[in-house]
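# Chain and residue survey
Below are the chains, spelled out letter by letter.
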Amino acid sequence: MDRVQALCLGVSLAYFSLLTVPALLTYRPEFEPTFLEALVNTALLATVSTSVSVPLGVVLAYGTLPAPWRLIAPVVTFTVSVPHTAIGVLLAPAVFGAGLADTATAVALAMIVVSTPMSFSVLRGAFASLGSCYVEFLRAMGMRGLGVAAMMLRSTRTALVSASVLTWFRSFSELGALLILAHRPLTVGVYVYEEFLRRGAGPVIGASLVLALVALAVAIVLERWSGDAGGR
C-alpha cells in the first residue's frame, strides 16, 4: 500500500464513519411499520421509473454521439445542475393541471425526469468508448438505427447493468421534486423528511442506517461484478 492508497483508505473510512458512527452512538435505532410501506412503494416506483429511463437513455445516448446531434445532450443533462425542488416546481403545472398530485403517476414521473440523465450519461460514455470505427463497421454490415444501438449495448453490457442500478438508486433516493408534487403514496425520502420534522432525528436514524447499509452492500457487489466483467 503506497501513500496515496493509504490516504484513499483513510478518507473513505472517515467518510463512512461520519455518516454512521455519531448516529449509532447518539441514538438507539427505531423502526416504524410505516417505513416498510414507504420502502415497498419506493422500490416498486423506482423499478417503473428505471424501466422507462434506461430505454430513453439508450436512445438518447446513441442519437447524440455524432456531431451535430451531440448538442442535444445538454437539453437532457442540464437538470443535474438544477435543485430538484425547482424541477418539481417546473413539473407542477403539468402534474397539477392533470390532477395527478399525490399519485403514483406523479411520483414515477418525477423519478423518470431526475434519473434519465444518469442512465443517459453512463450509456453515452460507454458508447463513446467503443469509438467511431465500431459504428462505421456495423453500418458497413448493413445495420442502421436501433440495430446499431442494440449491438453497442451487447458490447457494453457492464455499463448497461451499471446504468440500470444507478438509475434505480437515483429514482429511489429522489426527494426534492416529490416534496412539491407528491407526498403520497409515501416514499422513503418523504418518510424520513416528515418523521424528522415531526419527531426529530432519533426515530428515523434506524431507517436511514438501513438505507445506507443496503446501498453500500449493493455498491460493493456492483463494483466487484464490474471488475470481474472488465477482466474477462
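Predicted model, so just to flag it, every value in this text is computed and none were measured.

Reading guide: rules and limits
- Residues numbered from 1 in each chain as written.
- Predicted model: local features only at pLDDT ≥ 70, side-chain atom pairs only at ≥ 80, totals over all residues.
- Heavy atoms only, no water.
- Salt bridge = Lys/Arg side-chain N within 4 Å of Asp/Glu carboxyl O.
- Helix = DSSP H or I, 4+ residues; strand = E, 2+ residues; numbered from the N terminus.
- Buried < 20%, exposed > 50% of the residue type's maximum accessible area, 1.4 Å probe, protein only.
- Core = buried A, V, L, I, M, F, W, Y, C linked by side-chain atoms within 4.5 Å.
- Contact = heavy atoms within 4.5 Å.
- pLDDT = per-residue confidence, 0-100.
- Polar contact = N/O pair within 3.5 Å; in protein donor to acceptor, adjacent residues only side chain to side chain.
- Expected span 1.5 Å × (residues − 1).
- Phe/Tyr/Trp six-rings, centres within 6.5 Å; stacked < 30°, edge-to-face > 60°.

## Overview of the pattern of salt bridges
Applying the stated criterion to the full structure yields six salt bridges. Linking arginine 170 and glutamate 174 is a salt bridge whose minimum nitrogen-to-oxygen distance equals 3.1 Å. A salt bridge links glutamate 194 to arginine 184; the nearest nitrogen and oxygen atoms lie 3.1 Å apart. Here arginine 184 lies in the loop between helix H9 (176-181) and helix H10 (188-199) and glutamate 194 lies in helix H10, a separation of ten residues in the sequence. A residue is classified by how much of its surface remains accessible, and glutamate 194, at 24% relative accessible area, is partly exposed.

## A short note on the nonpolar core
Counting 26 residues, the largest nonpolar core has Val107, Leu181 and Tyr191 as the members making the most contacts within it. If you list the elements that add at least two residues to this core, you get helix H2 (33-63), helix H4 (84-97), helix H5 (104-130), H9, H10 and helix H11 (202-231). With six residues, the top contributor of residues to this core is H5. Once you skip the residues sitting within four places of it in the chain, valine 107 turns out to touch Leu45, Leu178, Ala182, Pro185 and Thr187. Core analysis: the second largest hydrophobic core is formed by 16 residues, Ala61, Tyr62, Met152 and Leu153 among them.

## A look at the confidence of the model for the protein chain
Per-residue confidence for the protein chain gives a mean pLDDT of 88, with 97% of residues at or over 70. Averaged over each element, pLDDT in the protein chain is lowest for helix H6 (residues 132-140) (75) and highest for H4 (96).

## Quick look at the side chain of glutamate 174
Examined against the element boundaries, glutamate 174 turns out to sit in the loop between helix H8 (157-172) and H9. You can call glutamate 174 buried: its relative accessible area is 1%. Here histidine 84 takes part through its side chain, which lies 3.0 Å from a polar atom of the side chain of glutamate 174. Setting aside chain neighbours within four positions, we find glutamate 174 in contact with His84 and Val114.

## Things to note about the environment of leucine 178
With respect to the helices, strands and loops of the structure, leucine 178 is situated in helix H9. Sequence separation between leucine 178 and valine 107 is 71 residues, and the spatial gap between their C-alpha atoms is 6.5 Å. Setting aside anything within four residues of it in sequence, one finds leucine 178 in contact with Val107, Ala110, His183, Thr187 and Val190.

## Some words on H8
With 16 residues, H8 extends 22 Å between its outermost C-alpha atoms, agreeing within 8% with the 22 Å of an ideal straight helix rising 1.5 Å per residue. Buried within H8 we find Ala159, Ser162, Ala163, Thr167, Ser171 and Phe172.

## Some points on the packing of aromatic side chains
Counted according to the given criterion, the structure contains three aromatic pairs. For the pair phenylalanine 35 and tyrosine 191, a centre-to-centre distance of 5.7 Å together with 40 degrees between the ring planes defines the contact as tilted. Residue phenylalanine 35 is located in helix H2, and its partner tyrosine 191 is located in helix H10; the two are separated by 156 residues in the primary sequence. Taking the relative accessible area as the measure of exposure, phenylalanine 35 reaches 7% and is therefore buried. Ring centres 5.0 Å apart and planes at 20 degrees place the aromatic pair tryptophan 168 and phenylalanine 172 in the stacked group.

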